[in-house]
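Each chain is listed here by its residues.
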Amino acid sequence: MNLTIQLFLALPLLGLLISFLIPKKNEISISRTAFMTVGLSLLTTLIHIVFWMMNDGIDINIKELVLYSGEGYEFVLDLYFDKIAAVYLLVGAFITFIITVYSRYYLHRESGYKRFFNTILFFYFGYNLTVLSGNFETLFIGWEILGISSFLLIAFYRDRYLPVRNAVKVFSIYRIGDLGILLTMWASHHLWHENITFAKLNNFELVHEHLSEHSLFGVFISIMILLAAAVKSAQLPFSSWLPRAMEGPTTSSAIFYGSLSVHLGVFLLLRTMPFWEQQTSIRILIGLVGLFTALVSTMIAKVQSSIKSQIAYASIGQIGLILIEVAMGFENLALLHFTGNAFIRTYQLLVSPSVVSYMIREQFYNFVPKSRKLENTFTKRLAYTIYLLSIKEFNLDAFINRLIFKPLKSLGLHLNVFTFKNLLYFFTPAYLLGFTLLMQEDRIPPALHSALPILMSSIGLAMVLKSFTEKSSPFLTWLLIILNHLWITLSVSFNEQFSLIHNALYLSGISVCGLLGFWVLHTFKKLEPKYFSLNQYNGHVYEYPQLAFVFLIASLGVVGFPISPTFIGEDLIFGHIKENQALLAIICSLSYIMSGISIIRLYARLFLGPHIKTNHETPYKSS
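Numbers given for residues are sequential positions, taken from 1 along each chain in its written order. Given that this is a predicted model, residues contribute local features only at a pLDDT of at least 70 and side-chain atom pairs are listed and counted only at 80 or more, while totals for whole chains, interfaces and linings are drawn from all residues. Each side-chain value is derived from all of the structure's non-hydrogen atoms; neither hydrogens nor water enter the calculation.

## Digging into helix α11 (residues 250-259)
It helps to recall that an α-helix has 3.6 residues per turn; residues three or four apart then point in one direction. Each residue gets one of three labels from its accessible area relative to the maximum for its type: buried under 20%, exposed over 50%, partly exposed in between, using a 1.4 Å probe on protein chains only. Numbering goes from the N terminus for both helices and strands, where a helix is a DSSP run of H or I of at least four residues and a strand is a run of E of at least two. With 10 of its 10 residues buried, α11 lies for the most part within the structure. Every buried residue belonging to α11 is among Thr250, Thr251, Ser252, Ser253, Ala254, Ile255, Phe256, Tyr257, Gly258 and Ser259, and all of these are buried.

## A word on the pattern of salt bridges
Salt bridge, as used here: a side-chain nitrogen of Lys or Arg that lies within 4 Å of a carboxyl oxygen of Asp or Glu. Overall, the coordinates contain eight salt bridges when judged by the stated rule. Taken together, the shared-partner salt bridges in this structure form one network comprising Lys169, Arg244, Glu393 and Asp397.

## Description of the side chain of His190
The topology assignment puts His190 in helix α6 (residues 161-192). Here Trp186 takes part through its side chain, which lies 3.4 Å from a polar atom of the side chain of His190. Two residues qualify as a contact provided that any one of their heavy atoms is within 4.5 Å of a heavy atom in the partner residue. Beyond its immediate chain neighbours, meaning those up to four positions away, His190 contacts Phe217, Phe574, Gly575, Ile577, Lys578 and Glu579. For this analysis, a polar contact is any N or O atom pair within 3.5 Å, provided that within protein one partner can donate a hydrogen and the other can accept it, and provided that sequence-adjacent residues contribute only side-chain to side-chain pairs.

## Section: the packing of aromatic side chains
Within 6.5 Å between ring centres, the rings of Phe, Tyr and Trp (the latter by its six-membered ring) count as paired, and their orientation is classed by plane angle as stacked under 30 degrees, edge-to-face over 60, tilted in between. Throughout the structure, instances matching the rule amount to 35 aromatic pairs. Both rings, one in Tyr88 and one in Phe338, keep their centres 4.0 Å apart while their planes meet at 10°; by these two values the pair is stacked. On the criterion of sequence distance, the pair formed by Tyr88 in helix α3 (residues 83-106) and Phe338 in helix α16 (residues 331-366) is long-range, its members being 250 residues apart. Taken individually, Tyr88 and Phe338 each receive the classification buried, so the pair is uniform in this respect. Between Phe156 and Tyr157 the ring centres are 5.0 Å apart and the planes differ by 80°, which places this aromatic pair in the edge-to-face class. Taken as a pair, Phe156 and Tyr157 share a single burial class, namely buried. Feature note: the residues Phe151, Phe171, Phe475, Trp478, Phe518, Phe524, Phe532, Tyr544, Phe551, Tyr603 and Phe607 constitute an aromatic cluster, connected by ring pairs. We call a charge positioned above a ring when the Lys NZ or Arg CZ atom is no farther than 6 Å from the ring centre and deviates by at most 35 degrees from the ring normal. The ring of Tyr157 has Arg160 lying over it, and the distance from NZ or CZ to the ring centre is 4.7 Å. Above the face of the Tyr174 ring, Lys232 is positioned so that its terminal group lies 4.2 Å from the ring centre.

See the structure below:
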């Protein structure tokens, strides 16, 4: 049984590696590799579930791999299989199989044919890892993979403006959900004094004992879990990103935003239900979020002019109802509802092009306009008001932008102190002074000692905010992101047990990927000195696909994506931020979130979008 669970992760990863080696012109081999990989995974899933049910459906927890172990800390890849994982795995395998079969012909002769199937296999690996995760650390690895594969699929038509712009926007909102997971991991370290597994959360006595002694921590963790779930499942007030994500191919919209990825917020709530189900206030909050989302999204769906947007908002409304079922404790009903909603949205999105053609033909031959007249009654005025609000999608997009991103941009635009000259003459000596104080830590007065981590992490956050709004120099953007990590490690180093070894572990991936990124930027500037700015999308991936791919890998390494030891170091940092340092934890989390947004913005501006050179064909803005 344990070997079969490991196969769920090994098969898509092996298929991805094989697919990378196949030439991009060989469509038959590429599609067959994906088809065989997912088909074998589906067959394995069916066999495993049958044998698991014959053995009374006992929950399986596997301590898979200890990646790092130190004093009072252990980073473990933990896998967990129960009925929730069984349902999500089976639905995921079946829908992914359908999508691979459909896409073999739907994307025939597309220039990104190989890139699409590689991304689908990458997504499928991340999906299985998320569903099978046995602790928050393992779940976060899969969560990050889903985020980056979502960005790549929305920006599939990477020579067009709107797909790239919407991909950056969706990724930026996704990072808000990552903030919830990061703070959940930090608070969990202090609540349990270990990397708690989901299997242990099923122990009612253990959970009740810890929550009775730390009720405030329990509420904070539950709210952060709800934040992550609401973002991932496009619940209010984060619903507006889902229709924007439909700029990718119809098949990726079906698998991501109709069926699988969009339901992972529900999965997170189901997986952590033993933790928050005894907190009545949290259950009411989850139910209210689902209720208001269902009402608002239903009204918006009824006035959408695009069929994909109608399906998107209809799916959001159903997920809102699933949240109500989860809040009421109807776990089995929620799983059944997820299965039905996933299948019907996949079907609707796959047939949507045909439906549009049919409706156009039907209207052309049989359209009869309805006679309407304006009425000035209160009920009609109310109906018109709701109609206009629904047309404008209740201004949810503007609300998120005004509440979150606009203040951060405004702050970043005013941080003009961060120039190359000032970094050399002021901030480098300041960093060396901070390092000297760290070496003489015993002589620092207590009041100053408690203030230094906040001060240093704030400098790092300011740097990454400046990089978020920098438009002239890609080098400065890249440098500020790397310096942010140096200031974060220095700030946490003032806390006990965060040693130089931990610093080295954290900075190892950042230093290697940072140097790789500098090399790409330097090479690129020599190749295109006239077109090396961030004022607009430059679209250089058209001429330099290899450089773009290398820079994407370097970017992922710098922001702590799980391809280097930096990811473990990131968890180490939060493990050593004390429970009375909530402000420090929030600042560090914001730094990670904003650095991810900033670096994806840098990558997109340099390499994606319509080509800046006029001698290339200019595509339509939207797909």
